[in-house]
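Take a look at the letters that make up each chain.
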Amino acid sequence: MKLHQQFDLNQKALKIGISDIPRAINEMPALVEKLTKDLLEEGYIVIESSARYMGIPQSIVVIKDFTGPFVAKFSAKMQHDFNAISRALGIERLFE
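The sections below set out a description of the structure shown in this document. All figures in this text were calculated on a predicted structure; none of them were measured in a lab. (Residues numbered from 1 in each chain as written. Predicted model: local features only at pLDDT ≥ 70, side-chain atom pairs only at ≥ 80, totals over all residues. Heavy atoms only, no water.)

1. Here we look at the packing of aromatic side chains
Under the definition given, this model contains two aromatic pairs. Here Phe7 and Phe82 contribute two aromatic rings whose centre-to-centre distance is 3.6 Å and whose plane-to-plane angle is 5°, an arrangement assigned as stacked. Of this pair, Phe7 sits in strand β1 (residues 2–8) while Phe82 is found in helix α4 (residues 71–88), placing the two residues 75 residues apart along the sequence. Here Phe7 matches Phe82 in class, with each residue buried. (Phe/Tyr/Trp six-rings, centres within 6.5 Å; stacked < 30°, edge-to-face > 60°. Helix = DSSP H or I, 4+ residues; strand = E, 2+ residues; numbered from the N terminus. Buried < 20%, exposed > 50% of the residue type's maximum accessible area, 1.4 Å probe, protein only.)

Pasting the structure below:
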């Protein structure tokens, strides 16, 4: 069974002010790329939407192939892994 979860970009988390524009343009896409790379290393399939906002995908879909009776438990693990990695990168509010 393949489990998937979609995370949509939370534009309010960017709260881009005049002084924050260079950080958002330069750092956020690189951090999202790191998030994707770390999830791939954890064995997930990661699909980013082609629609982007300032170089950041509008949504990210995370997919994991599981078998056995404990599939529901892994759905919560997927959410936890995404949150833990994005929190470690300091972009935990960027996707919801």
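Structure shown, so let's carry the discussion forward.
2. Side note on the packing of helix α3 (residues 28–41) against α4
For the pair α3 and α4, interaxial distance at closest approach is 10 Å and the crossing angle is 140°. With respect to each other, α3 and α4 are oriented oblique. In this structure, α3 crosses over α4, and the sense of that crossing is right-handed. On α4, the residues that touch Leu35, Asp38 and Leu39 of α3 are Phe82, Ile85 and Ser86. (Axes fitted to C-alpha atoms, helices over the stretch in contact; angles between N-to-C directions. Parallel < 35°, antiparallel > 145°, perpendicular 65-115°, else oblique. Left-handed = near helix turned anticlockwise from the far one by under 90°. Contact = heavy atoms within 4.5 Å.)

3. Focus: the side chain of Asn10
Checked against the element boundaries, Asn10 lands in the loop between β1 and α1 (11–14). Excluding residues that lie within four positions of it along the chain, Asn10 makes contacts with Arg93, Leu94, Phe95 and Glu96.

4. Quick word on the sheet that holds strand β2 (residues 45–48)
If you trace the three strands from one edge of the open sheet to the other, you get β1-β5-β2, paired in antiparallel fashion. Single-partner strands in this sheet number two, and they are β1 and β2. Within the sheet, the average angular offset between the axes of one strand and its neighbour, ignoring direction, is 20°. On top of the sheet, α3 reaches β2 and β5 (59–65); it is set at about 155° to β2, its chief contact. Along the sheet, α4 contacts β1 and β5; its crossing angle with β1, the most-contacted strand, is approximately 35°. (Pairing = 2+ DSSP bridges.)

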